[in-house]
Amino acid sequence: MKIASLPLLLKNKNKLLVRFILAVLYILSSCSIFLLSSKTSGTWIEYCANEITNAVINQKDRDYLSVLIEPNKNSEKRLESPSNEFFLTYGAFGEANAFYAGVMNGDKKYDARINEIRTNESISFLYAYNFYNYEYKGHYIHEFYPIELKFRGYHDYGKSYYFCYISETQANSLLSEMSLEQTEENYQKLLGKKINITVDHTSFEYTIGNIYLEQNYYYETLKNNIGTFVISGGKPLNEISAQACYFMSEQVYKNKYFFDRILKEYSSNDFNKKVNTYNLGENVDYLSLNNKLNVDIDSLTKSDALIISMDVLLALVCVLITTFLFLFDLADNPYILIGTGSLVLLPYLVFYCLYSILKNVLFFSGTACIIHAFLFLIIFSEMIVYAIRNHKKQIQ
Amino acid sequence: MLSATIKNKYNDLKVFLNRPKILKMVSYLLLFLVALYIFALPSFSGRVGYNYIVYALMIILGVFSVFLAIIYGVDFKNKKLYWFLIFILICIPSTVIFSKNYRGLLTLSLLYLSMVILYFAFTIIKSERKIIAAITIGLLCFSLYFLLHYRNQLLNFSSYSSSSFRLGADFDNENTIAMYMYLGIAANLFAVLFPKKKIEFAYIFSIIIFGLIGLTTGSKKFIICLVVSTIVIPYFKIRRKKWIYSVVVLSVLALAIAALFLPPLSMIRERFAMMFTTLFGVNTGETRIDYSSFQRYLFIRYGFYLASKNLIIGLGYDGFMAYSGIEAYSHSNFVELICDFGIFGCIYYYWMLLSLAKKAKKTGGTFSKLSIVFVIVFFVNSLTYVFFATKETFVILSLILFFADINEDMVESPVMQELYRMVEINI
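Participant: I keep staring at the overall build of chain A and nothing clicks. Help me out?
Facilitator: Along the backbone of chain A there are 13 helices and 13 strands. Burial status across chain A gives 51% buried among its 396 residues. Across chain A, the fraction of contacts at a sequence separation of at least 24, relative to all contacts at a separation of at least 6, is 73%. Within the structure as shown, chain A displays about 19200 Å² of accessible surface, and the carbon and sulfur contribution to it stands at 55%. Distance between charge centres in chain A, computed from 36 positive and 40 negative side chains, equals 10 Å.

Okay, structure coming up:
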């Protein structure tokens, strides 16, 4: 069919039929974008992030759920250094939230206790090996973790990495055991003191390097996710692995970002990924979440390029259909713009309602929505331009 | 009887205010108030407690402007005045349903009101060059205040190469101060390139002062605005001689890049180097990550993601801040508009800017072209910061509105108009 004959076609009695066919084609193309996009790796990650976000929200009295990653015993791959990974996550979404900590024994798998202090709970370790702390509002901050410290710190460890920063509560217990009062002078005396930490019946000597304050958002997040902890470097046992601990919050996009990072940086062949069951709230299906964490993302990304290319092609088809609809009809029927505008929005609204009811992001993925955002921008801008030109022509 | 008396009094007042000397006094009073307001904006509006000075000045200017606008018969039916009001109406449904940030809507409405008041004041003054002079004087007074306040830091030359050397935070956000300085530079540059009197060449000194203060803020946005203006503004002057235009633009850009390697500007150079390395992986010799650029990139992506899930009406004023869990804007005006007010709000806002630029181009006056420069800068800045509800944007919008209406080459001031009328009567 030649282009020159199309306007003639529109002017005859089949105009309504042609408009109907074009409208159906548009709806099919737009719906195909939504359905195709559900198969991309990005959508799968978004789906998993939604599941984790719902799990966090369902906990009700907790703001976070933590994910622990450690290298498999036979793997030669290592985790990124805690300071590098921390700064990357810290810089990602601003400073008022906790997203990452490098830990050991975050899941309380091993029974670790400070011999000199009576505690009910096994301790975890916030893994660090740089301790050039800096001054902050009358006290001090750890070099990279935003943990507030009482003193600049004791650094005369010699070659030993077996230092630890204990909490103010632990320091008070220690002073109480030593029959000393809780004064600044006595706290200062604790620095450089040797204590013994027993891990699974094996004792290790540590030097107290500082006392950390139990305040601020970062401490609260750590406390809720790994319980009682000390800041230290050096593994107490060779069997204990360094763990990357990511905190999932109530924000889907942030969880999506970190989930994406977890799946792409830590392959399931080399790393063991799991939801930390310590202090996990009720109604959390952690087995299902663990399965999602250990998905092989490479197999999902293989078809991404093809799917997105098809989506873009379909979007172009949508633009052409809508342009054809109002361009060739505008002079005869100014109300075609309202009809075309409604048609353009219809599939988006339908899928939005489906998503609102079913709460399944596979129907309303970020990929499809972003493609539709560009689609709407192009189509509505075009419509405004042609409407204004048509209005001016009519005035003339 | 009473209404007749009031009508007579009103007519008497109108005749009195239309006398040439009174007209001149009114004009200069408004210019003074405009200059005072422009001084107060960067000096006080970002400081808790002091911002009431700005509100008081706006009320005084508003009372005068509206009263005089009625007396002098300013056209209240000018459709362009109400374009932004329609934008505010578009913002209401999503704000009521989702973000419920009614205070933000009120702020936007008050900013719109300030734009209208300034527009009325400009329309009564009617002289584009006098308005530019008033704005320059206001910004120069602020520059003096700035220099006095930061004299210790400025005289400590060794601190210039420090990566944390950024001035302006005691007044407002450094980028905001930089945008005020940019406004002064753009307006003065136009006056210098298209002078009517030789004294206007003195604006070169104010350009230098504003430029130096803008650089001390360490704002990358300031540099980008300057670069864009350097490319666009000379085009209006020497566009017919393309090779001269190309040489001028390339020379200025080369000078700017060379200047970045001077020790006092090393902080800005480092910030750009870190930005290019972080965002594009370009090897600039700078290994540190620019967390500011990294965050902006993520915030923009996040904003677009949130926007795409609520494309029809958006999430309301400050919707990104409310629903992202981030206590910050999305750092892109385009993304913020689409996230907060949906596809229609975003398209309408930019259609408004484009229409004003088109109207300014049709008017054809010298300073009408400055409107086009501002709109181009707005479009470029749409990717880097949120400006649809900032004070400096509404000052610029009031100028654009005014320039889009008037061509000083054709219209004289109210004083001259009155004189012509008197001459005609006598003849």
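Next comes the rest of the write-up.
Participant: Can you help me understand the overall build of chain B in this one?
Facilitator: A tally of regular secondary structure across chain B gives 18 helices and zero strands. Taken over the C-alpha trace, chain B has a radius of gyration of 23 Å; the compact-globule value for 427 residues is 22 Å, and the two agree within 12%. Each of the three principal axes of chain B carries a C-alpha extent, and together these read 80 × 55 × 45 Å. The burial tally for chain B puts 54% of its 427 residues in the buried class.

Participant: Got a minute to help me understand the interface of chain B and chain A in this structure?
Facilitator: Many authors give the size of an interface as the accessible area that is lost as the parts come together. Taken residue by residue, the interface counts 26 residues in chain B and 35 residues in chain A. For the pair chain B and chain A, the summed buried surface comes to about 2600 Å²; carbon and sulfur atoms form 69% of the total. The largest share of the area that chain B buries against chain A comes from Tyr 305, Lys 309 and Ile 347 of chain B, three residues that together contribute 23% of it. We note a salt bridge from Glu 46 of chain A to Lys 309 of chain B, for which the minimum N-O separation is 2.8 Å. Summed over the shared surface of chain B and chain A, the result is ten residue pairs in polar contact (both at pLDDT 80 or more). Elements supplying a minimum of two residues to the side of chain B that touches chain A: helix 13 (291–308), helix 14 (319–324) and helix 15 (333–363) of chain B. Ranked by residue count, the leading element in the side of chain B that touches chain A is helix 13 of chain B, at ten residues. Split into classes, the residues belonging to the side of chain B that touches chain A amount to 18 nonpolar, five polar and three charged.

Participant: Can you walk me through the packing of aromatic side chains in this structure?
Facilitator: Scanning all chains against the criterion turns up 76 aromatic pairs over all chains. Between Tyr 355 of chain A and Phe 364 of chain A, the ring centres sit 5.5 Å apart and the planes meet at 20°, which makes this aromatic pair stacked. Taking the relative accessible area as the measure of exposure, Phe 364 of chain A reaches 0% and is therefore buried. One Lys or Arg, Lys 221 of chain B, reaches over the ring of Tyr 385 of chain B and ends 3.5 Å from the middle of that ring.

Participant: What is the right way to look at helix 9 (residues 203–216) of chain B in this model?
Facilitator: Because each turn of an α-helix spans 3.6 residues, side chains separated by three or four positions end up pointing in the same direction. Residues and elements named next belong to chain B. An ideal rise of 1.5 Å per residue puts 20 Å on 14 residues; helix 9 measures up with 20 Å between its terminal C-alpha atoms. Buried within helix 9 are the following residues: Tyr 203, Ser 206, Ile 207, Phe 210, Gly 211, Ile 213, Gly 214 and Thr 216. Taken together, the buried residues of helix 9 touch helix 6 (128–149), helix 7 (151–155), helix 8 (174–193) and helix 10 (220–238).

Participant: Would you mind showing me how to read the pattern of salt bridges here?
Facilitator: Side chains that differ in charge, positive against negative, can pair when their charged atoms come close. Enumeration according to the criterion identifies ten salt bridges over all chains in this entry. One salt-bridge network, in which partners are shared between bridges, spans Glu 85, Arg 261 and Glu 265 of chain A.

Participant: Where do I start with the environment of Met 178 of chain A in this structure?
Facilitator: All names here are of chain A. Looking at the secondary structure, you find Met 178 in the loop between helix 5 (168–177) and helix 6 (184–190). In this structure Met 178 comes out as partly exposed when scored by relative accessible area, which is 34%. Taking the C-alpha atoms as reference points, Met 178 and Glu 116, separated by 62 residues in sequence, lie 9.3 Å from one another.

Participant: Help me understand helix 13 of chain B in this model?
Facilitator: Taking 1.5 Å per residue as the helical rise, helix 13 of chain B with its 18 residues ought to reach 26 Å, and the 25 Å between its terminal C-alpha atoms agrees with that figure. Of all the residues in helix 13 of chain B, the buried ones are Ser 293, Phe 294, Gln 295, Leu 298, Phe 299, Tyr 302, Gly 303, Phe 304, Tyr 305, Leu 306, Ala 307 and Ser 308 of chain B.

Participant: Is there a simple way to think about the pairing of strand 8 (residues 163–167) of chain A in this case?
Facilitator: Consecutive side chains along a regular strand alternate between the two faces of the sheet. Residue and element names in this part refer to chain A. With five of five residues buried, strand 8 is to be regarded as a mostly interior element. Pairing geometry for strand 8 and strand 10 (residues 202–212), over five bridges, is parallel. For Cys 164, the partnering residue across the bridge sits in strand 10 and is Ile 208. As defined by bridge partners, strand 8 adjoins strand 11 (residues 229–232) across two bridges and the pair is classed as antiparallel. Paired with Cys 164 across the two strands is Ser 232, which belongs to strand 11.

Participant: What should I look at first to understand the packing of helix 6 of chain B against helix 17 (residues 391–405) of chain B in this one?
Facilitator: How two helices sit against one another is set out by the angle between their axes and by the gap between those axes. All names here are of chain B. Relative to each other, helix 6 and helix 17 sit at 165°, their axes nearing to 12 Å. Here helix 6 is positioned roughly antiparallel relative to helix 17, judged by the angle of their axes. The chirality of how helix 6 crosses helix 17 is left-handed. For the pair helix 6 and helix 17, contact is made by Glu 128, Ile 131, Ile 132 and Ile 135 and by Leu 399, Phe 402 and Phe 403, respectively. Here the residues of the contact of helix 6 with helix 17 sort into six nonpolar, no polar and one charged.

What counts as what
Residues numbered from 1 in each chain as written. Chains lettered and ligands numbered in written order. Predicted model: local features only at pLDDT ≥ 70, side-chain atom pairs only at ≥ 80, totals over all residues. Heavy atoms only, no water. Helix = DSSP H or I, 4+ residues; strand = E, 2+ residues; numbered from the N terminus. Buried < 20%, exposed > 50% of the residue type's maximum accessible area, 1.4 Å probe, protein only. Contact = heavy atoms within 4.5 Å. Areas by Shrake-Rupley, 256 points an atom, 1.4 Å probe, with all protein chains shown as cover. Lys, Arg positive; Asp, Glu negative; His and termini not counted. Charge placed at Lys NZ, Arg CZ, Asp CG, Glu CD. Rg over C-alpha atoms; globule rule 2.2 N^0.38 Å. Buried area = accessible area lost by both parts, 1.4 Å probe. Salt bridge = Lys/Arg side-chain N within 4 Å of Asp/Glu carboxyl O. Polar contact = N/O pair within 3.5 Å; in protein donor to acceptor, adjacent residues only side chain to side chain. Nonpolar A, V, L, I, M, F, W, Y, C, P; charged D, E, K, R; others polar. Phe/Tyr/Trp six-rings, centres within 6.5 Å; stacked < 30°, edge-to-face > 60°. Lys NZ or Arg CZ within 6 Å of the ring centre and 35° of its normal. Expected span 1.5 Å × (residues − 1). Pairing = 2+ DSSP bridges. Axes fitted to C-alpha atoms, helices over the stretch in contact; angles between N-to-C directions. Parallel < 35°, antiparallel > 145°, perpendicular 65-115°, else oblique. Left-handed = near helix turned anticlockwise from the far one by under 90°.

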